[in-house]
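Structural overview for review
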Amino acid sequence: MEEADTEPWVPGPGGRVGSGSVRPGSAPGWRLPARPALTGSVVAGGGDAAPGSSRVFVVRRDQDIYIQTLRKLFNESHGVFIGLQRCEEELAGKSRKAHLVQVSKNYRSVIRACMEDMHRAAGKSGYSTVSILSAMELIWNLCEILFVEAAAAGPLLLRLLDWIRLHVCDVDSMVREVLSSENPSKHKLFWNVVDVFVLQGRMDEARHLLSKEASANPTSMSMYKVLDDLMMKMPLGNTQTLTELELKWQHWHEECQRYLRDGTFASNPHMESICKILAGDENAMLEKKELLTTWYHFLVTRLLYSHPTVKPMELHFYAQSSMDLFLGEESSPEPLDTILMAAFEFELHQVIKECSIALSNWWFVAHLTDLLDHCKLLQSHNLYFGSNMREFLLLEYASGLFSHHSLWQLGVDYFDHCREYGRVYLELHIERIPLNTEQKALKVLRICEQRHMHEQVRSICKIMAMKALRNNRLGSALSWSIRAKDAAFATLISDRFLKDYCERGCFSDLDLIDNLGPSMLLSDRLTFLGKYREFHRLYGEKRFSEAAKLLLMLMTAHIAPCSFWMTLLTDALPLLEQKEVIFSAEQTYELMQCLEDLTAGKPDKQKLLDDDVETTKVEMLRLALARNLARVIVKEGTLEGS
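Everything quoted here is computed from the prediction, not taken from an experiment. (Residues numbered from 1 in each chain as written. Predicted model: local features only at pLDDT ≥ 70, side-chain atom pairs only at ≥ 80, totals over all residues. Heavy atoms only, no water.)

1. Comments concerning the overall build of the chain
- A tally of helices and strands in the chain yields 31 helices and 2 strands.
- Burial statistics for the chain: of 642 residues in total, 50% are counted as buried.
- Here the contacts in the chain between residues at least 6 apart in sequence split such that 64% fall between residues at least 24 apart. (Helix = DSSP H or I, 4+ residues; strand = E, 2+ residues; numbered from the N terminus. Buried < 20%, exposed > 50% of the residue type's maximum accessible area, 1.4 Å probe, protein only. Contact = heavy atoms within 4.5 Å.)

So this is what it looks like as structure tokens:
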């Protein structure tokens, strides 16, 4: 996605970043290759595309969600995100700020854990993704220091030192190699390790290594003691006020320069170089360019030994000059350099924009923007169409999750926390989820019901009812249609049940039909199905009188389909032939009327007469009704006479 230069700006992930690549450092393992916004794969057609040939491409956004090893990142960061939304209203003042800093650290822990797991599992094959995660953690950590924690002058430098130590890890392997040797002070990397410790402000470790040099070389003992004393007395801004720190540092700085002027270390170039660094000599620092590896490492070292009380608003001056000095004219800033520079300039909007262009998915910018929004730092950045920056990025990230077969469930919660457009997006996306199984359909349905999305509930139920009907699973189809409150579809399925009964002579899914309850009132045909099943149950329990009343009610209420009347009248035959008279005279007349209504229509009458079986049924019914009427008249007359 190419980024437009016009305002207002709407970010898009994975845009082309030119010929460079994002990298947290120049050492191997830190390079982050640029990625295109959209990737396509040919699924039809092949070979070289000739003019006029047809080729079909599958185009996907947010390809990273399909990387199996990144599932941990998406799942665990979701928990951190939800926790932040829930706790936001309960916190205020210092406790709120401390909580936000902890949330930021939790996000970084998720990134680092995912990166370490991927490194162990994939090895060199996961090189590119590990580099991306490394860059993300580096940027996030700096934003945490500058924006979330908002460290003041003094503590700010200490946080930046921790930032550099965490993300420049090359020294660890060198230290192990040097310390594991028989004579560490004679190792070829000994002074490199000492220099790195000094450049990172790790004075205790540098002094420990220098003590080994003093032990192995007694002639340098006097110089070692002076240098050790300087390193031990170096003031740091952790316990004192800013004024005290400035005074102590100025005194210490002058002492370093005095030793240099006196030539105390002239006979030992390594120690002299270290003293020059302590005295803030930028040329001496730049001589260690290979050990510094990056301009931002050079920046922090430069601040440590030249401007330890730097204020946050002064950072961008030193950052720009440090980058210019370190990179020189032979190389130009890369995307990561641009992102970090925007952070040092406190240009939050620019940080988000550059990250959206350089990184290959929405995860980073969505979660970082949400955190910064909770810090009340993005209130002025509203987009022209009404949604703020936080909501826009969360909507895009959640939309990407919905394209995955299981991660869509995480996307639901992100939409829930987008007040303006979240529900609209959720309604649109949830209808596109493929309902492959009933279990998945029930899961989607539960989500919709919890959010009172009635239209989507009906749509899902109709889809599942139709699928069940196509597979001839009438019970499941009826259950889904009842849940959808779709009277027309319930009528259709009820007709299928009745047709199935006529063909087989028994009902399927008796448990469902027996427990319809108030749901049978959804449609007349469903009511008839439920009551007709109740008639069979009463007949099976030999409650003939109740069964007869129910059967007559089904006939006279006209809720039974006309095609089913003959079946109902046929069901009356065993009751008419019982030894005990069940139908009264009035009821018998009503049955006779129903039979006449059935045979009265000319087309139907002709059809009945043409069918020998149906003709036989009609004759048997007339005979049974006449005999029952005679028995009733005799019985009722006898009762009246007595």
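Now that the structure is up, let's keep going.
2. Comments concerning the packing of aromatic side chains
- In total, this model carries 24 aromatic pairs according to the counting rule given.
- When the ring of Phe535 is compared with that of Tyr539, the centres are 6.4 Å apart and the planes differ by 40 degrees; the resulting orientation is tilted. On the criterion of helical spacing, the pair formed by Phe535 and Tyr539 is a turn pair, its members being 4 residues apart in helix H26 (residues 524–540).
- Three or more aromatic residues link up through ring pairs in this structure, and these residues are Phe528, Tyr532, Phe535, Tyr539, Phe544 and Phe564.
- Of note, Arg258 hangs over the ring of Tyr259, and the distance from its end group to the ring centre comes to 5.6 Å.
- Directly above the aromatic system of Phe326 lies the positively charged group of Lys289, at a separation of 5.1 Å from the ring centroid. (Phe/Tyr/Trp six-rings, centres within 6.5 Å; stacked < 30°, edge-to-face > 60°. Lys NZ or Arg CZ within 6 Å of the ring centre and 35° of its normal.)

3. Things to note about the pattern of salt bridges
- Following the criterion strictly, the structure yields 27 salt bridges and no others.
- Between Arg622 and Glu619 there is a salt bridge; the shortest N-O distance is 3.8 Å. Residue Arg622 and its partner Glu619 are both found in helix H31 (residues 612–641); the two are separated by 3 residues, about one turn of the helix.
- What emerges from the salt-bridge pattern is a single network uniting Arg537, Glu541, Arg543 and Glu546. (Salt bridge = Lys/Arg side-chain N within 4 Å of Asp/Glu carboxyl O.)

4. A closer look at the side chain of His187
- Counting through the fold element by element, His187 comes out in the loop between helix H5 (170–179) and helix H6 (190–199).
- Classification of His187 by relative accessible area gives buried; the value is 17%.
- Within the local environment of His187, its side chain forms a polar contact with the backbone nitrogen of Leu189, the two atoms lying 3.0 Å apart. (Polar contact = N/O pair within 3.5 Å; in protein donor to acceptor, adjacent residues only side chain to side chain.)

5. Brief notes about the packing of helix H13 (residues 295–306) against helix H15 (residues 335–344)
- As a packed pair, H13 and H15 sit with axes 11 Å apart at the nearest point and diverge in direction by 35 degrees. From H13, Trp295, Tyr296 and Leu299 reach across to H15, where they touch Leu336, Asp337, Leu340, Met341 and Phe344. (Axes fitted to C-alpha atoms, helices over the stretch in contact; angles between N-to-C directions.)

6. Here's the deal with the state of the cysteines
- In this structure the tally under the stated criterion is 0 disulfides.
- Looking at the unpaired Cys143, the closest cysteine sulfur is the one in Cys355, lying at 6.7 Å. (Disulfide = S-S within 2.5 Å.)

7. Considering the nonpolar core
- With 201 residues, the main nonpolar core has Trp163, Leu278 and Phe344 as its most contacted residues.
- Broken down by element, this core gets its largest block of residues, 13 residues, from helix H3 (residues 127–148).
- In this view, Phe344 contacts Leu142, Leu146, Leu160, Trp163, Trp295, Leu299, Leu315, His316 and Ala319; residues no more than four positions away in its chain are not counted. (Core = buried A, V, L, I, M, F, W, Y, C linked by side-chain atoms within 4.5 Å.)

8. Here's the deal with the environment of Thr437
- By the element assignment, Thr437 lies in the loop between helix H20 (422–430) and helix H21 (438–450).
- It is 9.0 Å that separates the C-alpha atoms of Thr437 and Met464, two residues lying 27 residues apart in sequence.
- Within polar-contact distance, the side chain of Thr437 engages the backbone nitrogen of Lys440 at 3.1 Å.

9. A look at the side chain of Thr294
- Tracing the backbone through its elements, the reader meets Thr294 in the loop between helix H12 (289–292) and H13.
- A distance of 3.2 Å separates the side chain of Thr294 from the backbone nitrogen of His297, its partner in a polar contact.

10. Some words on the packing of H6 against helix H10 (residues 269–278)
- Taken N-terminus to C-terminus, the directions of H6 and H10 make an angle of 10 degrees; their axes are 11 Å apart at the nearest point. With respect to each other, H6 and H10 are oriented roughly parallel. Where H6 approaches H10, its residues Trp191, Val194, Asp195, Val198 and Leu199 are matched on the opposing element by His270, Met271, Ile274, Ile277 and Leu278. (Parallel < 35°, antiparallel > 145°, perpendicular 65-115°, else oblique.)

11. Some remarks on helix H16 (residues 348–358)
- For H16, a buried count of 9 out of 11 residues is recorded, marking the element as mostly surrounded by other parts of the structure.
- Inspection of H16 places Leu348, Val351, Ile352, Lys353, Glu354, Cys355, Ser356, Ile357 and Ala358 among the buried residues, and these make up the whole buried set.

12. Section: unusual backbone geometry
- Unlike most non-glycine residues, Ala150 shows phi in positive territory, near 50 degrees.
- Mapped onto the fold, Ala150 is located in the loop between H3 and helix H4 (155–167).
- Although it is not a glycine, Phe346 adopts a positive phi angle of roughly 60 degrees.
- One can find Phe346 in the loop between H15 and H16.

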